[in-house]
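Take a look at the letters that make up each chain.
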Amino acid sequence: MSSAFPAHQALQQQLAELDARALTRRRRVQSRPCGPATLSDGKPLLAFTSNDYLGLANAPELIAAAQEAVARWGVGSGASALVSGHTEAHEALDHALARFVGCQAALSFSTGYLANLAVMPALLGRGDAIFADRLNHASLVDGALLSRAQLLRYTHLDLVMLEKQLAASKAKRKLIVTDSVFSMDGDTAPLPALLALAERYDAWLLVDDAHGFGVLGPQGRGALAEAQLSSPRLILMATLGKAAGVAGAFVAGSQTLIDWLLQTARPYIFTTAPPPMLAATLLRALGLVEHGDARREHLQAMITALQAGLADTRWQLQSSRTAIQPILIGDNALTLRVAQQLEALGIQVPAIRPPTVPQGTSRLRISLSAAHSLADVERLCAALRSLDCA
Ligand SMILES: *Cc1c(COP(=O)(O)O)cnc(C)c1O
């Protein structure tokens, strides 16, 4: 072994501290494609873990689309989009996404994390201000920090506080940013009221629809379509690795916005374009989302069954009408223990702990999918009812 390196020892000590607070995270190795019946670290489990809300991650139509696309395009794009990585498949996807969400233009990204790092630094800088719901996704916080604009965070859904911050702000340019469906709570943002504030205080409104796209609105067109909102100050971001079942993300809005992002969004410009195979598969996935009313109805039936199955138990679900159905527990170690007890019964539900959620709000995050059956949900409810963990 080499001689001691103090920075290394400090990291080891911090890792030990995380462990002592039941905050160590561990990856499970999956041996089956995404779906309710997993083989997780070699153990068969019924999983309520994925964001594959429509059950498309392993859909035969998309497997076929991917295979055709690989035969047509090979596997790599070879360069960034602005050099030579932007293929007919990418072009078709961007157009289809814009049409699907009813915006003038769209730009697809490799991941939602990158899309959220892109938008705010492209639009704002020093002297500007960003107003963010405190429970927004981490990628939105990082995007805001990267922009160097002032970041003001308002209490979750507290529009009175938001309006005070907006009214007091002397910033040159302003942007309000919110998740549409909050990823660890499943509740939804009041988008019409947020747009009204954006108009009153002359701000952009950036909506992260990672958990609404494909699920909410007519044909799954997302939270903005559900609320029937459109405005030149609206920026929609949504991911394509959740309900759309594949990978990637996009930003949609006015043509001017997208033209500007194409020139300035560093996480778009300075990265290799995603494989054309992904764009081609996503184009097919978009068709399945659009014609996915049966999948959405089934998902809704699973949500209703879970809520009914736990109604008279000690396991109180948070108020959520979406596929994300958390049970708040609070204590980190206790949350972990409940998850372990469920696992002993053959069921996997993630224990979500800080820093993903605020201190003292650890929870089980049940996520439902159209791939679940009624029997799956009943099994989860029965397992929870059988648990006694003081
Ligand atoms: C998952 C998620 C992202 C990140 O998207 P990826 O494509 O997984 O990088 C961004 N915002 C929210 C709200 C998310 O849930």
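Here the structure is a predicted model, which is why all the values come from computation and not from measurement. (Residues numbered from 1 in each chain as written. Predicted model: local features only at pLDDT ≥ 70, side-chain atom pairs only at ≥ 80, totals over all residues. Heavy atoms only, no water.)

Novice: Help me understand the packing of aromatic side chains in this model?
Specialist: Two numbers describe a pair of aromatic rings. These are the distance of the centres and the angle of the planes. Taken as a whole and judged by the stated rule, the model has three aromatic pairs. Summarising the aromatic geometry, the rings of Phe-100 and Phe-213 are spaced 5.7 Å apart at their centres and angled 80° between planes, so their arrangement reads as edge-to-face. In this pair, Phe-100 sits in helix α4 (residues 88-101) while Phe-213 sits in the loop between β7 (203-208) and α9 (223-226), placing the two residues 113 residues apart along the sequence. Pair check on accessibility: Phe-100 and Phe-213 agree, each one buried. An angle of 75° between the planes, with centres 5.5 Å apart, marks the rings of Phe-109 and Tyr-268 as edge-to-face. Residue Phe-109 is located in strand β3 (residues 105-109), and its partner Tyr-268 is located in helix α11 (residues 266-269); the two are separated by 159 residues in the primary sequence. Of the two residues, Phe-109 and Tyr-268, neither departs from the other in class, the shared state being buried. One Lys or Arg, Arg-72, reaches over the ring of Trp-73 and ends 4.0 Å from the middle of that ring. Between Arg-314 and the ring centre of Trp-315, over which it is positioned, the NZ or CZ distance is 5.0 Å. (Phe/Tyr/Trp six-rings, centres within 6.5 Å; stacked < 30°, edge-to-face > 60°. Helix = DSSP H or I, 4+ residues; strand = E, 2+ residues; numbered from the N terminus. Buried < 20%, exposed > 50% of the residue type's maximum accessible area, 1.4 Å probe, protein only. Lys NZ or Arg CZ within 6 Å of the ring centre and 35° of its normal.)

Novice: Is there a simple way to explain helix α2 (residues 60-73) in this structure?
Specialist: Think of an α-helix as 3.6 residues a turn; residues three or four steps apart then line up on the same face. The terminal C-alpha atoms of α2 lie 20 Å apart, and with 14 residues this matches the ideal 20 Å at 1.5 Å per residue to within 8%. Within α2, burial applies to Leu-62, Ala-65, Ala-66 and Ala-69. The buried residues of α2 occupy an angular sector of 100° when the element is viewed end-on, so they sit on one face. Turned more than 90 degrees from where α2 packs its buried face, Pro-60, Gln-67 and Ala-71 sit exposed. Along its buried surface, α2 packs onto α12 (276-290). Backbone geometry just downstream of α2 places Gly-74 in the positive-phi region, at approximately 70°. (Expected span 1.5 Å × (residues − 1). Arc of directions from axis to C-beta. Contact = heavy atoms within 4.5 Å.)

Novice: Teacher, can you tell me more about the sheet that holds strand β13 (residues 362-367) here?
Specialist: Across a sheet, strands are paired by hydrogen bonds formed along the backbone, either parallel or antiparallel in direction. One open sheet accounts for three strands, arranged β10-β13-β12; its pairing is antiparallel. What marks the edges here is a single partner per strand, and that holds for β10 (324-330) and β12 (351-352). The pairing of β10 with β13 spans six bridges and is classified as antiparallel. If you follow Ile-324 over to β13, its bridge partner there is Ser-367. (Pairing = 2+ DSSP bridges.)

Novice: I would appreciate a short explanation of the UniProt feature "modified residue: N6-(pyridoxal phosphate)lysine" (unreviewed entry) in the chain in the present structure.
Specialist: Mapped onto the present numbering, the UniProt feature "modified residue: N6-(pyridoxal phosphate)lysine" (unreviewed entry) falls on Lys-242. Mapped onto the secondary structure, Lys-242 falls in the loop between β8 (234-239) and β9 (249-253). Excluding residues within four positions of it along the chain, Lys-242 makes contact with Asn-51, Asp-52, Tyr-53, Ala-210 and His-211. (UniProt positions renumbered as here; feature names shortened; annotations may be inferred.)

Novice: Mind showing me how you'd approach the UniProt feature "binding site: pyridoxal 5'-phosphate" (unreviewed entry) in the chain here?
Specialist: Per the UniProt record, the feature "binding site: pyridoxal 5'-phosphate" (unreviewed entry) sits at Gly-112, Tyr-113, Ser-183, His-211 and Thr-239. The greatest C-alpha distance among the residues just named is 13.7 Å, despite their covering 128 residues of sequence, which places them together in space. Along the chain, the position of Tyr-113 falls in helix α5 (residues 112-123). Classification of Tyr-113 by relative accessible area gives partly exposed; the value is 40%. Once residues within four sequence positions are removed from consideration, Tyr-113 is found in contact with Ser-139 and Asp-142. Exposure remark for Ser-183: the relative accessible area of 6% places this residue in the buried category. Setting aside residues up to four positions removed in sequence, Ser-183 forms contacts with His-137, His-211, Ile-324 and Arg-365.

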